[in-house]
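# Structural overview for review
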Amino acid sequence: MKKVSLVAAALVSLAAQALASPASAQHLQCVPYARAQSGISIHGNAATWWAQAEGTYNRGHVPQTGSVLVFKSTAAMPYGHVAMIREIVDSRHVLLDHANWSGPGLIERRALAEDISEAGDWSRVRVWYGPSRALGSRENPTFGFIYNGGAPITQFAKVESVDTPESAG
């Protein structure tokens, strides 16, 4: 009888600790991850970053390593999304580091993103989706890129070799 009550007390104690710890109930979101990776100190929902950056950070429509791509709010993403540009592949492809895209709290590094806008201005993108192991079928509208220091670039740097995003997700 005494063993049963000790086990029950231990289980109740563990359950109480789990409920009291907000970290156990929360997943890593894209905003704190992008902020930590890029050094761009903006807070609030991802979709608000573009407006918040005005006057503080340079913004543009050409990817730059270390910049943050800001996604607009949609029905599928009511708070938007932010992702840091890890590497430029070519004028229509980049590799992203971001969180909470392919699964709750999941961090993805070197996830492929493709510019599918008609003007080549990165206003609409498709992003690697881990569960399907392919570029997602959803078109995602974006505001553009926020640059951490320096002026926005106007040309693409050529990358000689790039790993495939097979490890993403």
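Relevant structure appears above.
The sections below set out a description of the structure shown in this document. All of these numbers come straight from a predicted model, not from anything done at the bench. (Residues numbered from 1 in each chain as written. Predicted model: local features only at pLDDT ≥ 70, side-chain atom pairs only at ≥ 80, totals over all residues. Heavy atoms only, no water.)

We now examine the packing of aromatic side chains. Counted by the stated rule, this structure contains 3 aromatic pairs. Geometrically, the ring pair formed by Trp50 and Phe143 is stacked, given 6.1 Å between the ring centres and 10° between the ring planes. With Trp50 in helix H4 (residues 49–53) and Phe143 in strand E8 (residues 140–147), this residue pair connects regions lying 93 residues apart in the sequence. (Phe/Tyr/Trp six-rings, centres within 6.5 Å; stacked < 30°, edge-to-face > 60°. Helix = DSSP H or I, 4+ residues; strand = E, 2+ residues; numbered from the N terminus.)

Counted as a void, the largest pocket has a volume near 400 Å³. In this structure, the largest pocket is lined by 20 residues; those nearest its centre are Met77, Gly80, His81, Asn100 and Trp101. Of all elements in the fold, only helix H3 (30–38) and strand E6 (124–129) reach the threshold of two or more residues within the lining of the largest pocket. Residue composition of the lining of the largest pocket, grouped by class: 10 nonpolar, 9 polar and 1 charged. (1 Å grid on protein atoms, 1.4 Å probe; cavity = no way out; pocket = protein on both sides within 12 Å on 5 of 7 lines; lining within 4 Å. Points joined across faces, edges and corners; volume = space filled by probe spheres on them. Nonpolar A, V, L, I, M, F, W, Y, C, P; charged D, E, K, R; others polar.)

Of all 8 residues making up E8, 7 are buried, and the element is well covered by its neighbours. Note that strand E1 (residues 58–60) and E8 share 3 bridges and pair antiparallel. Residue Arg59 lies in a different strand from E8, and its bridge partner there is Ile146. Sheet topology note: the strand E2 (residues 68–71)/E8 ladder contains 4 bridges and is antiparallel. (Buried < 20%, exposed > 50% of the residue type's maximum accessible area, 1.4 Å probe, protein only. Pairing = 2+ DSSP bridges.)

Okay, the pattern of salt bridges next. Within this structure, the stated rule accounts for 5 salt bridges. Residue Asp97 pairs with Arg86 through a salt bridge whose shortest N-O separation is 2.9 Å. Residue Asp97 is found in strand E4 (residues 93–99), and its partner Arg86 is found in strand E3 (residues 81–90); the two are separated by 11 residues along the sequence. Judged by its relative accessible area of 3%, Asp97 is buried. (Salt bridge = Lys/Arg side-chain N within 4 Å of Asp/Glu carboxyl O.)

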